[in-house]
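Spelled out, the chains give:
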Amino acid sequence: MSARFLSPLALLLACAPAPPVPPGQAPADLVGTWEVDLRPTPAAPAYTQTFTVTRVEGRGFEGSFYDTPLRDGRINVDWGALHFAFVTSDDSGVYHHAGSMTADGLHGTSHSLGRGFLAVWTARRVGR
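From a predicted model like this one, the values you see are computed outputs, not experimental measurements.

## Some words on the confidence of the model for the protein chain
Argument step 1. The predicted model of the protein chain has a mean per-residue pLDDT of 87, with 81% of residues at 70 or higher.
Argument step 2. Overall, residues 5–21 carries pLDDT values under 50, and its contacts beyond four positions in sequence, including any with other chains, amount to 10 contacts.

As structure tokens, then:
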């Protein structure tokens, strides 16, 4: 392929819209109760906490995580999947959480500057 042909093709692909969100991944599908497995390593025993989404409005959502109200819940479906982020806090500081919905549940991370960790987690729906 010549460089003259490749450049317009690359530009066309870069400008193509993201694919639509797969069925079952509308923002409202995040509503419900999720059991989050926060084990510190893959070999560690399960350590679960509850993530509850009570309301989705537009690209925002409300709920709680780890028995703490969440704030600044945001949803993004522009990249072909349902991605979300939110913030919680406790006496040690602020936690930034982000994740995405997959066919088998949620996958995400929780980052604490105050406690100096990045936790990788998975979650399964346990209620609507």
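## Points about the side chain of threonine 88
Argument step 1. In this structure, threonine 88 sits in strand E6 (residues 83–90).
Argument step 2. We classify threonine 88 as buried; its relative accessible area is 6%.
Argument step 3. Within the structure, the side chain of threonine 88 is placed 2.7 Å from the side chain of histidine 97, a separation counted as a polar contact.
Argument step 4. Setting aside residues up to four positions removed in sequence, threonine 88 forms contacts with Phe65, Thr68, Pro69, Leu70, Gly93, Val94, Tyr95 and His97.

## Re the nonpolar core
As a rule of thumb, nonpolar side chains are buried together in soluble globular proteins.
Argument step 1. One finds Leu30, Phe51, Phe61, Phe84 and Leu106 to be the most contacted residues of the largest nonpolar core, which totals 18 residues.
Argument step 2. The residues touching phenylalanine 51, leaving out its near neighbours within four places in the chain, are Gly32, Thr33, Trp34, Val36, Phe61, Ser64, Phe65, Leu70, Phe84, Phe86 and Leu106.

Reading the values: the criteria
Residues numbered from 1 in each chain as written. Predicted model: local features only at pLDDT ≥ 70, side-chain atom pairs only at ≥ 80, totals over all residues. Heavy atoms only, no water. pLDDT = per-residue confidence, 0-100. Contact = heavy atoms within 4.5 Å. Helix = DSSP H or I, 4+ residues; strand = E, 2+ residues; numbered from the N terminus. Buried < 20%, exposed > 50% of the residue type's maximum accessible area, 1.4 Å probe, protein only. Polar contact = N/O pair within 3.5 Å; in protein donor to acceptor, adjacent residues only side chain to side chain. Core = buried A, V, L, I, M, F, W, Y, C linked by side-chain atoms within 4.5 Å.

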